[in-house]
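Chain and residue survey
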Amino acid sequence: MPHDHSHDDDHPHALLPPEPALRVKALQTILVGKGLVDPEAMEAILETYERKVGPHLGAQVVARAWVDPAFRGRLLADANAAMAELGIAGRQGEHVVAVENTAGTHNMVVCTLCSCYPWPLLGIPPAWYKSDAYRARAVREPRRVLAEFGVTLPEGTKVRVWDSTAEVRYLVVPMRPEGSEGLDLAALAALVTRDSMIGTGLAGAPA
Ligand code: FE
């Protein structure tokens, strides 16, 4: 599928102007001064992405998939329907595909042309995800990139790199760590890091 960039209008992009904070402040001042935006509405949006939406939501999905084989099956077959069961939906998450790590295959996600990312599950993408270096190298030398993130896979494990687009965002379902058998959902979710759901990390080991 060609990478369609018609979505860039409503999309955070790597090509930021210099001193973006100053430009944002200037724009905000003008828009509020002219009565074009409501400062309270703007605060509500910022609050949503700073506090309400974030990797803790993706972690709930993964933990549920670990303990509930039927949910796991639904997640892999139709991630949006499974997310909706947990009340998770929203912009930049319209078409999510869940890809599961196994002993044989490790999945890793990149957007080679910009920064497509499943916001409702993971929040706003980290700076490195949008960087030129990650976008170029994740495809060319994934094992080296993984090593830099502290992830070393067994020789026999294949690395599969998924290129996000405006149409499809990916969620990696990391492998459930050994020793986590007795844990409840909340304790399992606490092991699921943001990076483990991008594929640049592994789920944490139980304490
Ligand atoms: Fe993109």
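Analysis parameters
- Residues numbered from 1 in each chain as written.
- Predicted model: local features only at pLDDT ≥ 70, side-chain atom pairs only at ≥ 80, totals over all residues.
- Heavy atoms only, no water.
- Helix = DSSP H or I, 4+ residues; strand = E, 2+ residues; numbered from the N terminus.
- Buried < 20%, exposed > 50% of the residue type's maximum accessible area, 1.4 Å probe, protein only.
- Contact = heavy atoms within 4.5 Å.
- Areas by Shrake-Rupley, 256 points an atom, 1.4 Å probe, with all protein chains shown as cover.
- 1 Å grid on protein atoms, 1.4 Å probe; cavity = no way out; pocket = protein on both sides within 12 Å on 5 of 7 lines; lining within 4 Å.
- Points joined across faces, edges and corners; volume = space filled by probe spheres on them.
- Nonpolar A, V, L, I, M, F, W, Y, C, P; charged D, E, K, R; others polar.
- Donors = N, O, S within 2.8 Å, 3.2 Å for Na, K, Ca; no water.

Here's the deal with the overall build of the protein
Along its length, the protein carries 11 helices and four strands. Overall size of the protein, expressed as C-alpha extent along the three principal axes, is 55 × 35 × 35 Å. Expressed as a percentage of its 207 residues, the buried residues of the protein come to 38%. A sequence separation of at least 24 residues applies to 70% of the contacts in the protein between residues at least 6 apart. Summed over all atoms, the accessible surface of the protein reaches about 11,200 Å², with 58% contributed by carbon and sulfur.

Some words on empty space enclosed by the protein
Scanning the entire structure with this criterion turns up one cavity of 30 Å³ or more. Along its surface, the largest cavity is lined by Val109, Cys116, Tyr117, Pro118, Leu122, Tyr129, Tyr170, Met197 and Ile198. Partitioned by chemical class, the residues of the lining of the largest cavity number nine nonpolar, no polar and no charged.

Regarding unusual backbone geometry
The backbone of glutamine 92 shows a phi angle near 65°, a positive value even though the residue is not glycine. Note on placement: glutamine 92 falls in the loop between helix H5 (79-85) and strand S1 (96-100).

Observations concerning the coordination of the iron ion
Note on the iron ion: its protein donors are Cys111 (SG), Cys114 (SG) and Cys116 (SG). The metal-donor distances range over 2.0 to 2.5 Å. Going along the chain, you hit the donors of the iron ion in the pattern C-x2-C-x1-C. Per residue, the accessibility class of cysteine 114 equals that of cysteine 116, and both read buried.

Some points on the environment of leucine 75
The residue leucine 75 is located in helix H4 (residues 69-77) in this model. Taking the relative accessible area as the measure of exposure, leucine 75 reaches 1% and is therefore buried. Between the alpha carbons of leucine 75 and valine 173 there is a distance of 9.7 Å; along the sequence they are 98 residues apart. If near-sequence neighbours (up to four positions away) are discounted, leucine 75 is found in contact with Val61, Ala65, Ala82, Ala98 and Val173.

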